[in-house]
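# Understanding the architecture of this molecule
Listed below are the residues making up each chain.
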Amino acid sequence: MIDLEPSYNHQEYESKWYQNSLKHNYFKAVVDPQKKPFTILMPPPNVTSQLHMGHGLGYSIQDLLTRWKRMKGLNACWLPGTDHAGIATQMMVEKELEKEGLTRKGLGREKFFQRLSDWKDKYGGMILDQFKTMGFSCDWDRLAYTMDPKLSEAVRYVFVELFREGLIYRGERLVNWDTVLQTAISDDEVETIEVSGSLYFYRYPIEGTDEFIPIATTRPETMLGDTAVAVNAADERFQHLIGKQVRLPFVDRLIPVIADDYVKSEFGTGAVKITPAHDPNDFDIGKRHQLPFINVMTDSGTMADNTPTPFRGMDRFQARKEVIKQLKALSLFDEEKPYKTTIPHSERSKTVIEPRLSHQWFVSMKELAEPAAAAARDGKLQFHPETWKKTYLYWLDNIQDWCISRQLWWGHRIPIWYCSDCQGITTGLTDPSVCEHCQSNKIVQDEDVLDTWFSSWLWPLSPFGWPAQKNEVQDLTYFNPTDVLVTAPEIIFLWVARMVMANLKFKGDLPFKHVYFNATVCDKQGRKFSKTLGNGIDPLEVVNKYGADAVRFTAISLAPLGGRVRMDVGDFENGARFVNKIWNAARFMFQHLQPDQKLPELNKLSLTLAEKWLIHRLRESAERVNQHLENFRVNDAVEELHHFIWGAFCDWGLECAKTDLVSDVAADKIRALSVLVYVLEGALRLAHPVMPFVSEELWSKLPAHPDWGPRAASLCIARFPEAFEIPSFAEEAIQWKSVQEIISGIRSVRAQMGLPPKQELPAHIRVDPFLTEVVKSAEDWIKRLGRADSVKSGVDIKRPGQSLTAIGRGFEVFLPVHGLIDIAKERARLQSEVQRIQKIVGGLKSKLDNENFVARAPEDVLEQTRSQKQNLEEQLLALSQNIKALED
RNA sequence: GGGGAUUUAGCUCAGCUGGUUAGAGCAUCUGCCUUACAAGCAGAGGGUCGGGGGUUCGAAUCCCUCAAUCCCCACCA
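Now for a look at the structure at hand. Remember, it's a predicted structure, so these values are computed and weren't measured experimentally. (Residues numbered from 1 in each chain as written. Chains lettered and ligands numbered in written order. Predicted model: local features only at pLDDT ≥ 70, side-chain atom pairs only at ≥ 80, totals over all residues. Heavy atoms only, no water.)

### Digging into the packing of aromatic side chains
For the coordinates displayed, the defined rule picks out 39 aromatic pairs. Pairwise contacts between aromatic rings join Phe 159, Phe 163, Trp 361, Trp 402, Phe 454 and Trp 457 into one cluster. If you follow Lys 658 out to its NZ or CZ, it ends over the ring of Phe 588, 5.5 Å from the centre. (Phe/Tyr/Trp six-rings, centres within 6.5 Å; stacked < 30°, edge-to-face > 60°. Lys NZ or Arg CZ within 6 Å of the ring centre and 35° of its normal.)

Below you can see the structure in the form of structure tokens.
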């Protein structure tokens, strides 16, 4: 016998097996032209982040797919890495500095950068150790980091290349300015939030008349930067004012009244103040009409020096109040109306975005976007679920240029040098010492760094050695295009689409064939997990409590493709119970096994009906699991596994085998063991990609079965079961289902009639001819599982007086009770059964009476309906006879 | 304002291109310590498939419409 503790203790095995896999390099993938690669790029978590359930789910799915393909003999490469996450990381360190009373600017660029590097070395990568406790089978030798020298080189290369092609340009634009972080952020890092604000109404005096032009605005403070008032040319109220001048209060500037179609006469007053330097629409109008652009705010969102007192130096929101107050003092203010509007906020600092005119670097996107869109349209790039394709295409078809400069210090510094002599711009793969235009050495590097996504969009390329030329390039051509990208839908634009563009641009093909969007993890109320709500589940906590296998299994089984998954800590108990169930199933078998047990091949045995069914059932499961995984239906795959192991293997397979396992007949025992070991091994192989630890531990103890061929050194690299290699017993599987129906029927009747479990009854089973052999051979099982002290079966079995009855297709079971039960109760039970079936038969009958149905329904449907009706009518007849017989 | 998604048992969800009596897990109820697992076993109850209309012999499934919830995109001052 092989000894196992009564319950599975994950702490004892997880680390052991993980270390074992590392030691033997099972997760390592090296280029091998003989083997087909299977590659997954890990979406690099922020280097300073902690594992959360979103990772837990997404990466468990990636590991499931990776391990599955690895077992299928592919050269599986799951590439891990981290992202330097410019803004997020810099914010963390700045907060630290704040506690020490320091500031970034006080520290200076170099020292600050050093601080960040130290921080990264100290806290960065903790998440990677957390991945290891989850059992993720990444190729750790390939660990990449977006600021690695190799990867930074790729960033530099791409910048220079795109610059030389004219796809990177410097422009003065309105950018989303974060006044707290004092940097421009991309549109994709802005979230618009609906707020209840006000719409303010006031007037500007028309110069040279005593007329006024009424204005409505949500942002009065920007009036200090107004350079025009716009009306619609068709608006009769204001036509006579077009071309006139307005005297702007406080600043005393004369600005024109202009006509522009943008203005909608019905909104507000029909006249709009134009502040080209502080509003995107006004910016466009300003360009159209060659208006001046006056920036009236500082980097931190206070009113700039070019504004008059008392506004100068005021915070923008305070200035708003002050402007109103002053307008009132001039009797120019009319009213304030409550107004709901959407205001852009910074995702990072949560502050209100200030549109701000500034010099930034941009990537011209149209040319890059077109092939990326085409790839999805052609179906070469596939999304799962497919509905995201539309979103992806919509974005690409309406693409805006990408602002890639960030006023941060943490990141890749923009490789641009400005010459103060000739104003020329110099770039290059190495840092220049002189201006390439005038050879002056008075050049200074741009202060800004690149957007983090400007390095992560190269993730399919740079970790494989691109653009270097040597042997690493083999990695690139071997592993890229990768197979599937598993990520969150939130970053479809920020990351997914851009990787597609970069790979197409620089390598000429797609970075991946499939994009799988995993579910968003929410709490039971359907709210997203978030730090501020504190409603998240810490994966490490649950791993500690339930084990990595349980967490992985639970997370995956709960998560449908896309959509959202509602999760609760208690859910993980299900996973733990399942893991324990497997453990105990094995434990039970191990009691009857020797460590070096020799087991006969299946085809040398004369298998029982139940055994054939069980093997066939394994075959079905192998087929389904593979199929589900092919289709990225990971939760279905895992569900199937659960069904098979619990519902089929344990509840029926092991139960039926029990008598054989303790049998004195050696042949019966060894036969039963051979089947069970064979099937358990198959189950463990199927389970391994989801539950690597418990499966490996049990597998290592399980004696080898000849039908699975030579043993691999580890379950990690054992063959994943394919349906075709498992014997097929389709006919027996169907026959066994009748036996199951008989047993379930008996159990159900007994339970409903409240018979004490210890009370055994003889079972008399009348069977239709097609089932006689089957039922005959199953008498022992029926006896044991149906709690019968004896079983008689045959075509001509008669009802033995007062009996309970269980009826099904092709059989009628009688359990003589002789006054043990309440006859009235049994009659009622049978009558309700009669009613239930009558209702169904009634439905079938009316269908068949419908001429149209008979005329138009396909033959097989018709046939099915007829045979079903006949079958149920037979049951009805039997039932009514039984009710009558109860009176005897 | 545009686009997308969801709505099936008390809860979380399956039900693919329309065709057996709409399923599973959890929860509930009943009975069981039956020689692995009480983290277990056996059994049971529970749904007019969001409302309304339509197409069809036949609709949870296809079409229209309404409602609710959610997400994404968008410059209406």
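### Some points on the sheet that holds strand β19 (residues 425–426)
Taken in spatial order, the three strands make up an open sheet running β19-β18-β20, and their pairing is antiparallel. Two strands in the sheet have a free side with no partner beyond their single neighbour: β19 and β20 (443–445). Here strand β18 (residues 417–419) runs beside β20; their pairing, made up of three bridges, is antiparallel. Its bridge partner being in β20, Trp 417 is matched across the sheet by Gln 445. (Pairing = 2+ DSSP bridges. Helix = DSSP H or I, 4+ residues; strand = E, 2+ residues; numbered from the N terminus.)

### Details of helix α19 (residues 634–661)
Over its 28 residues, α19 extends only 35 Å from the first C-alpha to the last, a length that falls short of the 40 Å expected when each residue adds 1.5 Å. Along α19, the largest kink reaches about 45° and is centred on Phe 649. (Expected span 1.5 Å × (residues − 1). Bend = angle between axes of the 7 residues up to and from the residue.)

### Considering the protein's contact with RNA strand B
Taken together, 55 residues sit near RNA strand B, with Asn 281, Tyr 339, Arg 577, Asn 584 and Arg 856 positioned nearest. Within 4 Å of the protein, the contacting atoms of RNA strand B are drawn from sugar and phosphate to the extent of 60%. Between RNA strand B and the protein, one listed contact pairs a phosphate oxygen with a side-chain N or O atom of Asp 651 at 3.4 Å. For the surface near RNA strand B, the per-class residue count stands at 23 nonpolar, 16 polar and 16 charged. (Near = heavy atom within 4 Å. Polar contact = N/O pair within 3.5 Å; in protein donor to acceptor, adjacent residues only side chain to side chain. Nonpolar A, V, L, I, M, F, W, Y, C, P; charged D, E, K, R; others polar.)

### Concerning the nonpolar core
Formed by 152 residues in total, the largest nonpolar core has its most connected members in Leu 65, Phe 649, Met 691 and Ile 782. Considering every element that reaches this core, the biggest residue donor is α19, with 14 residues. With 62 residues, the next largest nonpolar core counts Phe 159, Leu 167, Ile 399 and Ile 492 among its residues. (Core = buried A, V, L, I, M, F, W, Y, C linked by side-chain atoms within 4.5 Å. Buried < 20%, exposed > 50% of the residue type's maximum accessible area, 1.4 Å probe, protein only.)

### Re the side chain of Gln 407
Tracing the sequence through the fold places Gln 407 in the loop between β17 (405–406) and β18. Owing to a relative accessible area of 13%, Gln 407 belongs among the buried residues under this scheme. A polar contact of 3.0 Å, which involves the side chain of Gln 407, links it to the side chain of Gln 360. If sequence neighbours within four positions are ignored, Gln 407 has contacts with Arg 104, Trp 177, Gln 182, Thr 183, Ala 184, Gln 360 and Asp 448. (Contact = heavy atoms within 4.5 Å.)

### So, the sheet that holds strand β8 (residues 212–217)
Ordered by their spatial adjacency, three strands build an open sheet running β8-β7-β13, and the pairing between neighbours is antiparallel. Whereas interior strands pair on both sides, the edge strands pair on one side only; in this sheet they are β8 and β13 (333–346). Sheet twist, expressed as the mean angle between neighbouring strand axes with direction ignored, is 20°. Bridge analysis of strand β7 (residues 190–205) against β13 gives 13 bridges, and the strand direction is antiparallel. Looking at β13, one finds that Leu 199 is bridged to Lys 337. (Axes fitted to C-alpha atoms, helices over the stretch in contact; angles between N-to-C directions.)

### Quick notes on the environment of Val 625
Within the secondary structure layout, Val 625 lies in helix α18 (residues 609–630). In this structure, Val 625 is in contact with Ala 637, Glu 640, Leu 641, Leu 686 and Phe 720, ignoring residues within four places of it in sequence.

### Points about the environment of Val 542
Along the polypeptide, Val 542 turns up in helix α15 (residues 539–546). As for Val 542 and Glu 573, which are separated by 31 residues in sequence, their C-alpha atoms are 9.4 Å apart. For Val 542, the residues in contact, after removing those within four places along its chain, are Ile 537, Gly 547, Val 551, Val 569 and Phe 572.

### Points about the packing of helix α10 (residues 366–377) against helix α14 (residues 492–506)
The interhelical angle for the contact between α10 and α14, taken along N-to-C directions, is 95°, at an axis separation of 9 Å. It follows that α10 is roughly perpendicular to α14 by the angle criterion. Residues Glu 367, Leu 368, Ala 369, Pro 371 and Ala 372 of α10 touch α14, and the partners they reach there are Val 500, Met 501, Leu 504 and Lys 505. Residue composition of the contact of α10 with α14, by class: seven nonpolar, no polar and two charged. (Parallel < 35°, antiparallel > 145°, perpendicular 65-115°, else oblique.)

### Quick look at unusual backbone geometry
Here the bond from Thr 309 into Pro 310 is cis, since omega is 5°, no more than 30 degrees from zero. Cis geometry marks the peptide bond from Asn 480 to Pro 481, where omega comes out at 5°. Take Pro 481: it is sitting in the loop between α13 (472–479) and β22 (482–487). Of note, the phi angle at Gln 182 is positive, near 55°, even though the residue is not glycine. The phi angle at Phe 632 is positive, at roughly 60°, despite the residue not being glycine. Assignment of secondary structure puts Phe 632 in the loop between α18 and α19. Phe 632 gets classed as buried once you look at its relative accessible area, which sits at 8%.

### As for the packing of helix α16 (residues 548–558) against helix α21 (residues 692–701)
Contact geometry of α16 with α21 gives a least axis separation of 7 Å together with a crossing angle of 125°. Taken together, the axes of α16 and α21 are oblique relative to one another. Where α16 approaches α21, its residues Ala 548, Asp 549 and Arg 552 are matched on the opposing element by Pro 692, Phe 693 and Val 694.

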